[in-house]
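Residues per chain, in single letters:
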Amino acid sequence: MALSLPRMLPVSTTDGELIQRAAGGDRSAFELLYQRYARPVFGLALRRLGDRGRAEDAVQETFASIWRSAGTYKPDRGPGAPWLYAVARNAIVDRARNRTEIPADIPDEPSHDAGPAEQAEQGWVSWRVHRALEELNEREREVVSLAYWSGLSQSEVAEFLGIPLGTVKTRTRAALARLAEILGDEFE
Amino acid sequence: MSFDDIVGTEGLSREEEATLRRVHELLVAAGPPPDLSPDLSLPPVPAEESDPPEVAFLLRRRRGRVAVLALAAALAAFVGGYAFGHSKGKPAAFTSIRMVAMHGAAGAPAESHGVINIAEKDSVGNWPMLVEVSGLPEQAKQSSYYELWLTHNGKAVAPCGSFRVHGKTTRVRLSVPYALKNFDGWVVTTQGPDQNGLGPVVLTT
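Residues numbered from 1 in each chain as written. Chains lettered and ligands numbered in written order. Predicted model: local features only at pLDDT ≥ 70, side-chain atom pairs only at ≥ 80, totals over all residues. Heavy atoms only, no water.

**Description of the overall build of chain A**
Part 1 of the reasoning: Of the regular secondary structure elements, chain A holds eight helices and zero strands.
Part 2 of the reasoning: Secondary structure elements of chain A, listed N to C terminal, follow the sequence α-α-α-α-α-α-α-α.
Part 3 of the reasoning: Looking at chain A as a whole, 44% of its 188 residues are labelled buried.
Part 4 of the reasoning: For chain A, long-range pairs separated by at least 24 residues make up 62% of all intrachain contacts whose partners lie at least 6 apart in sequence.
Part 5 of the reasoning: Here chain A displays about 10000 Å² of accessible surface, and carbon together with sulfur accounts for 51% of that area. (Helix = DSSP H or I, 4+ residues; strand = E, 2+ residues; numbered from the N terminus. Buried < 20%, exposed > 50% of the residue type's maximum accessible area, 1.4 Å probe, protein only. Contact = heavy atoms within 4.5 Å. Areas by Shrake-Rupley, 256 points an atom, 1.4 Å probe, with all protein chains shown as cover.)

**A word on the interface of chain A and chain B**
Part 1 of the reasoning: Counting residues at the interface gives 49 residues for chain A and 48 residues for chain B.
Part 2 of the reasoning: A buried area of about 4300 Å², summed over both sides, lies between chain A and chain B, and 64% of it is on carbon and sulfur atoms.
Part 3 of the reasoning: Among the residues of chain A in contact with chain B, Arg39(A), Gln60(A) and Arg173(A) are the three that bury the most area, contributing 16% of the side total.
Part 4 of the reasoning: At the boundary of chain A with chain B, the tally comes to zero salt bridges.
Part 5 of the reasoning: Taken together, the connections running from chain A to chain B amount to ten residue pairs in polar contact (both at pLDDT 80 or more).
Part 6 of the reasoning: Looking at the side of chain A that touches chain B, the elements that each hand over two or more residues are α2 (27-49), α3 (52-69), α5 (116-133), α6 (138-149) and α8 (165-182) of chain A.
Part 7 of the reasoning: Looking at the side of chain A that touches chain B element by element, the count peaks at eleven residues for α3(A).
Part 8 of the reasoning: Residues belonging to the side of chain A that touches chain B are distributed by class as follows: 26 nonpolar, ten polar and 13 charged. (Buried area = accessible area lost by both parts, 1.4 Å probe. Salt bridge = Lys/Arg side-chain N within 4 Å of Asp/Glu carboxyl O. Polar contact = N/O pair within 3.5 Å; in protein donor to acceptor, adjacent residues only side chain to side chain. Nonpolar A, V, L, I, M, F, W, Y, C, P; charged D, E, K, R; others polar.)

In structure tokens, the structure reads:
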């Protein structure tokens, strides 16, 4: 059964409101939550599990958990994003625990990988940033992606998009300013 | 790439520059968002509100095709289950909490399909299942049979019971003690007396 895209809810509906609506069985709210968070959950799962197939399953399990446990969300305890992050992290940790592979060798050298606390911090930052990117319009998201992750210089981005370099810079600044607005609490 | 390369500072107030610089650092720290595969393009499908949570989602891939099969199979299972439940040798009631649809694997008859109805785990940890398969050819030999398996990473790893088929549709009750969440699918294989190990897969999720 394919679900229709959620068109009925205003974009400004907060995550917390969507969770509460989902708790009441509102599928449109659930679908909007999925639109907002599928990519952040997938990113978090990929980072933790390192395998696309397992990460995809973790996304499904996360949203199954969200649907099941939406009723336990208490808006007076905080906004929706941290609650969703906790649900996702638990689902992903559960999946990671199911791994049965045992490392063949114990490394002699101490690992230079980030420790658990750093990993958690990185995970949360990525979660918030990827979630915020979903709020940008198509043109803003495109220019940010090209500028930061394509390896192209801003001149090459301008050539690629067929727009003046000045427009690329203006659009990039506008996109970053919008992200700053969305990521408000990251600046506190 | 640096802040100066991407954003630049020309014409920005000190405050604006500080704000954009912070966002720049967060973007660099976060890295690119991953591409979603087509399997994740739509959310999982919540079931009717009255259903228990476990049946609320189709966790398997190929959701669209499976959903169509599931719908057809559900109707058949309902009708069949009613007849099954009201036959003379009336077995204990079977209340499905989760349904998994299967379709024919490569090489299997085109019309072959199946559905696994799973009931609530019993008090000692077994999952009762009502398995219904259709379109599979009857066994060529008396000692041939079909076997249901749970898969992990696409490989059949845990046997869930064997059965023979007769006629167009066959329903059998099986039970497994495994933690189902540790597996990623199901397959049915054909097994025969000449078979060493796993036989060919005829149904898969």
